[in-house]
Amino acid sequence: MRKSSYIYKIDANSSAIVEYDLDIENYVIPQTNNNTNFNSNSNTNIPNNNLNNSNTQIISDAKAKEIALNHANLSKNQVSYINAHLDYDDGIQVYDVSFYVNDVEYSYEINAQNGNIVSYEMDSIYD
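Below is a short write-up of the structure. Remember, it's a predicted structure, so these values are computed and weren't measured experimentally. Numbering of residues starts from 1 in each chain and follows the order in which that chain's sequence is written. Two thresholds apply to this predicted model, a pLDDT of at least 70 for residue-level local features and 80 or more for giving and counting side-chain atom pairs, whereas whole-chain, interface and lining totals are computed over all residues. Remark: hydrogens and water are excluded; side-chain values derive from all non-hydrogen atoms of the structure.

**A few points about unusual backbone geometry**
- The phi dihedral of Asp-90 falls on the positive side, at around 55°, and the residue is not glycine.
- Numbering of helices and strands starts at the N terminus; helices are DSSP runs of H or I of at least 4 residues and strands are runs of E of at least 2. You can see Asp-90 is positioned in the loop between strand 3 (81–89) and strand 4 (92–101).
- Residue Asn-102 is not a glycine yet carries a positive backbone phi of 55°.
- Looking at the element boundaries, Asn-102 is found in the loop between strand 4 and strand 5 (104–111).
- Any residue under 20% of the maximum accessible area for its type is buried, any over 50% is exposed, and the rest in between are partly exposed; the area is computed with a 1.4 Å probe on protein chains only. Since its relative accessible area comes to 71%, Asn-102 is described here as exposed.

**Digging into the pairing of strand 4**
- With eight of its ten residues buried, strand 4 lies for the most part within the structure.
- Pairing between two strands is assigned when DSSP locates at least 2 bridges connecting them. Here strand 3 pairs with strand 4 via nine bridges, running antiparallel. Bridge pairing in strand 4 places Asp-87 opposite Val-94.
- Where strand 3 folds back onto strand 4 in an antiparallel hairpin, the turn is made up of two residues, including Asp-90, whose phi is positive at roughly 55°.
- Pairing analysis gives eight bridges linking strand 4 to strand 5, with the strands arranged antiparallel. Across the sheet, residue Val-101 finds its bridge partner in strand 5, namely Val-104.

**As for the side chain of Glu-109**
- Within the fold, Glu-109 resides in strand 5.
- Every residue pair with non-hydrogen atoms within 4.5 Å of one another is taken to be in contact. Excluding anything up to four places from it in sequence, Glu-109 contacts Asp-89, Val-94, Tyr-95, Asp-96, Asn-116, Ile-117, Val-118 and Ser-119.

**Looking at the packing of aromatic side chains**
- Here a Phe, Tyr or Trp ring, Trp counted by its six-membered ring, pairs with any other such ring whose centre lies within 6.5 Å, and the pair is stacked when the planes are under 30 degrees apart, edge-to-face when over 60, and tilted otherwise. Under the criterion given, the structure shown has four aromatic pairs.
- With a centroid separation of 6.1 Å and an interplanar angle of 40°, the aromatic rings of Tyr-81 and Tyr-100 are classed as tilted. Within this pair, whereas Tyr-81 is found in strand 3, its partner Tyr-100 is found in strand 4, the two being separated by 19 residues in sequence.
- Judged by relative accessible area, which is 42%, Tyr-81 ranks as partly exposed.

**Re the environment of Gln-93**
- When you line up the elements, Gln-93 lands in strand 4.
- Separated by 16 residues in the primary sequence, Gln-93 and Glu-109 place their C-alpha atoms 9.6 Å from one another.
- Not counting the four nearest positions on each side in its chain, Gln-93 is found in contact with Ile-58, Leu-86, Asp-87, Tyr-88, Ile-110, Asn-111, Ala-112 and Gln-113.
- Here a polar contact means two N or O atoms within 3.5 Å. Within protein one must be a hydrogen donor candidate and the other an acceptor candidate, and residues neighboring in sequence count only if both atoms are side-chain atoms. Among the polar contacts listed, one links the side chain of Gln-93 to the side chain of Gln-113, at a separation of 3.0 Å.

**Remarks on the sheet that holds strand 4**
- Ordered by their spatial adjacency, four strands build an open sheet running 3-4-5-6, and the pairing between neighbours is antiparallel. On the outer flanks of this sheet lie strand 3 and strand 6 (117–124), each paired with one strand and no other. On average, each strand axis in the sheet is tilted by 15° relative to the strand beside it, whichever way the strands run.
- Pairing of strand 5 with strand 6 involves seven bridges; the strand directions are antiparallel. Within strand 6, the position partnered with Ile-110 by the bridge is Ile-117.
- Convention adopted: a line fitted to C-alpha atoms gives each axis, helices being fitted over their contacting stretch, and angles between N-to-C directions are expressed from 0 to 180 degrees. Strands strand 3, strand 4, strand 5 and strand 6 of the sheet are contacted by helix 1 (residues 61–71), whose axis makes an angle of about 55° with strand 4.

The analysis is restricted to geometry; functional conclusions fall outside its scope.
Put into C-alpha coordinates, the structure is as follows:
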(Lines give C-alpha, C1' and ligand atoms only; values in the text may rest on other atoms or scores of the structure.)
Protein backbone atom coordinates (compact mmCIF):
# COMPACT_ATOMS: atom_id res chain seq x y z
CA MET A 1 0.00 0.00 0.00
CA ARG A 2 1.41 3.40 -0.98
CA LYS A 3 1.28 6.26 1.48
CA SER A 4 0.29 9.67 0.16
CA SER A 5 0.61 13.01 1.82
CA TYR A 6 -1.10 16.21 0.78
CA ILE A 7 0.38 19.51 1.88
CA TYR A 8 -1.58 22.74 1.53
CA LYS A 9 -0.70 26.34 2.36
CA ILE A 10 -3.87 28.39 2.77
CA ASP A 11 -4.06 32.16 3.06
CA ALA A 12 -5.53 32.91 6.52
CA ASN A 13 -7.30 36.06 5.33
CA SER A 14 -8.87 34.93 2.07
CA SER A 15 -8.93 31.14 2.60
CA ALA A 16 -7.39 30.79 -0.89
CA ILE A 17 -5.05 27.89 -1.54
CA VAL A 18 -1.63 29.47 -1.99
CA GLU A 19 0.37 26.31 -2.61
CA TYR A 20 -0.15 22.55 -2.58
CA ASP A 21 1.93 19.41 -2.99
CA LEU A 22 1.26 15.69 -3.21
CA ASP A 23 3.91 13.15 -2.28
CA ILE A 24 3.43 9.45 -2.92
CA GLU A 25 5.89 7.29 -1.00
CA ASN A 26 7.87 4.69 -2.97
CA TYR A 27 6.32 5.51 -6.34
CA VAL A 28 8.40 5.29 -9.48
CA ILE A 29 7.04 6.29 -12.88
CA PRO A 30 7.30 3.19 -15.08
CA GLN A 31 9.83 3.63 -17.87
CA THR A 32 9.37 2.18 -21.34
CA ASN A 33 12.04 1.21 -23.80
CA ASN A 34 11.57 3.47 -26.84
CA ASN A 35 14.01 1.45 -28.98
CA THR A 36 11.40 -0.95 -30.34
CA ASN A 37 12.81 -3.19 -33.07
CA PHE A 38 9.93 -4.04 -35.44
CA ASN A 39 11.98 -6.76 -37.20
CA SER A 40 12.39 -8.76 -34.03
CA ASN A 41 10.00 -11.24 -32.49
CA SER A 42 10.91 -10.07 -28.98
CA ASN A 43 8.81 -7.44 -27.26
CA THR A 44 11.23 -4.70 -26.16
CA ASN A 45 8.53 -2.16 -25.34
CA ILE A 46 7.61 -3.57 -21.93
CA PRO A 47 7.42 -1.14 -19.00
CA ASN A 48 10.21 -1.47 -16.45
CA ASN A 49 8.44 -1.83 -13.11
CA ASN A 50 11.48 -2.94 -11.16
CA LEU A 51 11.29 -0.67 -8.10
CA ASN A 52 14.34 -2.23 -6.48
CA ASN A 53 16.93 -1.75 -9.20
CA SER A 54 20.16 -2.73 -7.47
CA ASN A 55 22.23 -1.15 -10.28
CA THR A 56 21.10 2.33 -9.25
CA GLN A 57 23.64 3.99 -6.97
CA ILE A 58 22.47 6.75 -4.68
CA ILE A 59 24.36 9.14 -2.48
CA SER A 60 24.27 8.66 1.28
CA ASP A 61 22.09 10.73 3.58
CA ALA A 62 25.33 12.12 5.08
CA LYS A 63 26.37 13.35 1.62
CA ALA A 64 22.93 14.93 1.09
CA LYS A 65 23.29 16.77 4.41
CA GLU A 66 26.78 17.93 3.41
CA ILE A 67 25.50 19.26 0.06
CA ALA A 68 22.71 21.22 1.75
CA LEU A 69 24.98 22.66 4.43
CA ASN A 70 27.59 23.68 1.85
CA HIS A 71 24.92 25.40 -0.24
CA ALA A 72 23.68 27.32 2.83
CA ASN A 73 27.31 28.17 3.66
CA LEU A 74 26.93 26.59 7.11
CA SER A 75 28.75 23.93 9.08
CA LYS A 76 27.17 21.09 11.03
CA ASN A 77 28.23 22.82 14.25
CA GLN A 78 26.14 25.90 13.39
CA VAL A 79 22.82 24.08 13.11
CA SER A 80 20.70 22.93 16.03
CA TYR A 81 19.11 19.95 14.26
CA ILE A 82 19.60 18.25 10.90
CA ASN A 83 17.54 15.47 9.36
CA ALA A 84 17.55 13.70 6.00
CA HIS A 85 15.20 11.04 4.72
CA LEU A 86 14.90 9.32 1.36
CA ASP A 87 11.69 9.93 -0.55
CA TYR A 88 10.27 9.96 -4.06
CA ASP A 89 9.14 13.20 -5.69
CA ASP A 90 7.71 13.09 -9.22
CA GLY A 91 9.21 9.61 -9.68
CA ILE A 92 12.73 10.69 -8.67
CA GLN A 93 14.51 9.56 -5.52
CA VAL A 94 15.34 12.60 -3.40
CA TYR A 95 16.57 13.30 0.08
CA ASP A 96 14.42 15.72 2.04
CA VAL A 97 16.96 17.55 4.20
CA SER A 98 15.96 20.01 6.90
CA PHE A 99 17.87 21.89 9.56
CA TYR A 100 17.49 24.90 11.83
CA VAL A 101 19.65 27.92 12.55
CA ASN A 102 18.23 30.21 15.23
CA ASP A 103 14.64 30.96 14.10
CA VAL A 104 15.08 29.83 10.49
CA GLU A 105 14.21 26.43 9.00
CA TYR A 106 16.14 25.37 5.90
CA SER A 107 14.51 22.75 3.66
CA TYR A 108 16.24 21.06 0.73
CA GLU A 109 15.40 18.40 -1.82
CA ILE A 110 18.57 16.72 -3.07
CA ASN A 111 18.52 14.35 -6.06
CA ALA A 112 19.65 11.01 -4.59
CA GLN A 113 21.33 9.83 -7.82
CA ASN A 114 23.47 12.82 -8.73
CA GLY A 115 23.46 15.07 -5.65
CA ASN A 116 21.95 18.05 -7.46
CA ILE A 117 19.77 20.42 -5.47
CA VAL A 118 16.19 20.06 -6.76
CA SER A 119 14.74 22.79 -4.53
CA TYR A 120 15.40 24.68 -1.34
CA GLU A 121 13.75 27.25 0.86
CA MET A 122 14.27 29.16 4.09
CA ASP A 123 11.32 29.96 6.35
CA SER A 124 10.86 31.45 9.75
CA ILE A 125 9.84 28.84 12.31
CA TYR A 126 7.00 31.20 13.23
CA ASP A 127 5.28 30.97 9.81
